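Each chain is listed here by its residues.
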Amino acid sequence: MRRQWVTMTATALVLGLAGGAQAKGPVAHPQAEAQALELAKQAIALRSVRGPGNETPKVAELYKAALVAGGFADGDVTITPVEDTAYLIGRWHGSDPTAKPLVISGHMDVVEAKPSDWQRDPFTPVVENGYLYGRGATDMKLDGTIAIAALIELKRSGYKPRRDIVIEFSGDEETTMKTSGIIAEKLANADIVLNIDGGGGVFDEKTGKPVLWTWQGAEKTYSDFELTVTNPGGHSSAPRKANAINQLAAALARIGDYQFKPEVSDLTRAYFIEAAKYEDPETGAAMKAFAADPTDKAAIATLTANPSTIGKIGTTCVTTMISGGHALNALPQRATANINCRIFPGHKPADIMAELQKVAAEPAVTFKDVTEGSVATEASPMRPDFIAAMNKAMKQIYPGVPVFPAMSSGASDSMWFRYRGVASYGASPTFSKDSDDFSHGLNERTQISNIAPGITYYLSLFRDLSK
């Protein structure tokens, strides 16, 4: 999953930077910083893409070798093959075996990349002009190796955790998430999960200064519903009133015009209140008004009209695929469509499908849930211990930068932990300009200036949450 940055106008960014928050210049950890970059480059060079030649197991071997060389017992770092991929779980034993573990969660696989489309080979890491280029530079091999290097640095310092610290990497987060579910089941006794594949910060486009940072405390549920109409068909020269394509089209038009009830949670309310400060005046005012009153019609209209905010105020469902008919000169015997929904936390897919059936108002249309690899989850609680530890860690590297929660529209490994009742939070310290967001796209890159503050951030967070 790609971290979702908050989109802002240039004017708002300049205003938000009044006071000029800068990196504090944390204590350097040269060994860990060098290891993070070198390990990321080695990982990017491995084509960890689902299908023939999947090298995700080799990434797992690379990470295990680094952890064992850094002081982990060989038997405490396991790699488990699953189909063409694998997952890794490493455990640093704490002094209190009764304490529930702290889990650091990430993934090793990446989205496919065709070398012919890129300016540089996606699986040949390149450091140029302060950026690390390559598939996985953003999502999320550099994030993963910064966490590994920080954990090894913490061990090297002589720190002794009270609770176990578990670092794990799934092997198919970008596709089926099968290993993600397996890991969450194995670690269902965790106290808290830090998902380093979520959250993140924004750099100003012109100055390069940090503007804000968000942590992810919830994500919408992904669902696919298949709509089908079947008819006897017949010769096109003898039309019938019941036409499968027309019936389906009418239902889809009604669904397309429908808006689910706008709603707000404690987490999204906090997001709207803070994020409003960095938006254009109209959007910012609508955010504040909606946070205060989620029935405010004017605010709803403004936020609904904006593609970057409509998904934050409730469930959304859109038609993504359609197919119908079997011959140019025949009445259609069958017409199908896929409706993709991103469901606001707290709702069951079955209830959303039932609501869509009522909206469609077409008895001939049958509905079927065809979702794969997704389950409904609630938001993680606003835990004071996590919020305090995270605020402390962020202040060490970027004092004065606003910090607030956010909800993601995409799925991450946090879904499976939340499904099992374990609080999981997207907490990556990586910052990026909006214009540098090439995750899942061409010429993916991330500024290597993120490495040093990332190490300092993780050292603080890992200590505070494992005491």
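Note that the structure is predicted; figures quoted are calculated from it, not measured. (Residues numbered from 1 in each chain as written. Predicted model: local features only at pLDDT ≥ 70, side-chain atom pairs only at ≥ 80, totals over all residues. Heavy atoms only, no water.)

Draft legend 1. Local environment of the state of the cysteines. Counted under the stated rule, the structure contains 1 disulfide. In this model Cys317 forms its disulfide with Cys341; the gap between the sulfur atoms is 2.1 Å. Between Cys317 and Cys341, the S-S dihedral sits near 115°, and the bridge is therefore right-handed. Residue Cys317 is located in strand S12 (residues 316-324), and its partner Cys341 is located in strand S14 (residues 334-343); the two are separated by 24 residues in the primary sequence. (Disulfide = S-S within 2.5 Å. Helix = DSSP H or I, 4+ residues; strand = E, 2+ residues; numbered from the N terminus.)

Draft legend 2. Structural detail: the sheet that holds strand S19 (residues 445-447). Taken in spatial order, the 3 strands line up as S4-S5-S19 in an open sheet, and their pairing is antiparallel. The open sheet has two edge strands with one neighbour each: strand S4 (126-128) and S19. On average, each strand axis in the sheet is inclined to that of its neighbour by 25°, with strand direction left out of account. Where helix H2 (residues 30-44) meets the sheet, it contacts S4 and strand S5 (131-133), and its direction lies at approximately 25° from that of S5. (Pairing = 2+ DSSP bridges. Axes fitted to C-alpha atoms, helices over the stretch in contact; angles between N-to-C directions. Contact = heavy atoms within 4.5 Å.)

Draft legend 3. Structural view of the environment of Ala251. As for its placement among the helices and strands, Ala251 is situated in helix H6 (residues 244-257). Residue Ala251 is classed as buried on the basis of its relative accessible area, which comes to 0%. Taking the C-alpha atoms as reference points, Ala251 and Leu331, 80 residues apart in sequence, are found 18 Å from one another. Non-local contacts of Ala251, meaning those with residues more than four positions away in its chain, are made with Ala360, Glu362 and Val365. (Buried < 20%, exposed > 50% of the residue type's maximum accessible area, 1.4 Å probe, protein only.)

Draft legend 4. Quick peek at H2. Between the first and last C-alpha of H2 there are 21 Å, a value that for 15 residues agrees with the 21 Å anticipated at 1.5 Å per step. Considered for burial, the residues of H2 that qualify are Ala32, Ala36, Leu37, Leu39, Ala40, Ala43 and Ile44. Each buried residue of H2 lies within a common arc of 165° when the element is viewed along its axis, so the set occupies one face. Exposed residues on H2 whose side chains face more than 90 degrees from its buried face are Pro30 and Gln31. (Expected span 1.5 Å × (residues − 1). Arc of directions from axis to C-beta.)

Draft legend 5. Fine view of the nonpolar core. Membership of the largest hydrophobic core comes to 67 residues, with the highest contact counts inside it found for Tyr63, Ile148, Phe386, Tyr457 and Phe462. Looking at this core element by element, the count peaks at 9 residues for helix H4 (residues 141-156). Residues contacting Phe462, with those up to four places away along its chain left out, are Leu102, Ile104, Ala147, Ala150, Leu151, Leu154, Tyr159 and Leu194. (Core = buried A, V, L, I, M, F, W, Y, C linked by side-chain atoms within 4.5 Å.)

Draft legend 6. View of the side chain of Thr228. Structurally, the position occupied by Thr228 is in strand S10 (residues 221-230). Every residue in contact with Thr228, bar those within four places of it in the chain, is listed here: Arg334, Ala335, Thr336, Ala364, Val365 and Thr366.

Draft legend 7. Summary view of helix H11 (residues 384-397). An ideal rise of 1.5 Å per residue puts 20 Å on 14 residues; H11 measures up with 20 Å between its terminal C-alpha atoms. Buried within H11 we find Phe386, Ala389, Met390, Ala393, Met394 and Ile397. In an axial view of H11, the angular spread of the buried residues amounts to 125°, which keeps them on one side of the axis. In H11, the exposed positions that point more than 90 degrees away from the buried face belong to Pro384 and Lys395. Check the buried side of H11 and you find it contacts strand S7 (192-195), strand S9 (210-219), strand S16 (403-408), strand S17 (424-426), strand S18 (431-432) and helix H13 (451-466).

Draft legend 8. Expanded view of the packing of helix H8 (residues 281-292) against helix H9 (residues 297-304). Contact pair H8 / H9: the axes reach a minimum separation of 8 Å and the direction vectors enclose 130°. Classified by the interaxial angle, the pair formed by H8 and H9 is oblique. Crossing of H8 against H9: the hand is left-handed. Together, Glu282, Thr283, Ala286, Met287, Ala289 and Phe290 of H8 and Ala299, Ile300, Thr302 and Leu303 of H9 make up the contact between the two elements. (Parallel < 35°, antiparallel > 145°, perpendicular 65-115°, else oblique. Left-handed = near helix turned anticlockwise from the far one by under 90°.)

Draft legend 9. Representation of the packing of aromatic side chains in the model. Per the stated rule, a full pass over the model turns up 17 aromatic pairs. Each ring, one from Tyr131 and one from Tyr133, has its centre 6.2 Å from the other, and the planes form 50°; the classification is tilted. Judged on exposure class, the residue Tyr131 and its partner Tyr133 are both buried. Arranged with centres 5.1 Å apart and planes meeting at 20°, the rings of Tyr458 and Phe462 form a pair that is stacked. A residue pair is termed a helical-turn pair when its members lie 3 or 4 positions apart in one helix, as Tyr458 and Phe462 do in helix H13 at 4 residues. An aromatic cluster is defined as three or more aromatic residues linked by ring pairs; in this entry it consists of Trp213, Tyr457, Tyr458 and Phe462. Between the NZ or CZ atom of Arg120 and the centre of the ring of Tyr133, over which it lies, the distance is 3.8 Å. In this structure, Lys155 packs its charged tip against the face of Phe72, placed 5.3 Å from the ring centre. (Phe/Tyr/Trp six-rings, centres within 6.5 Å; stacked < 30°, edge-to-face > 60°. Lys NZ or Arg CZ within 6 Å of the ring centre and 35° of its normal.)

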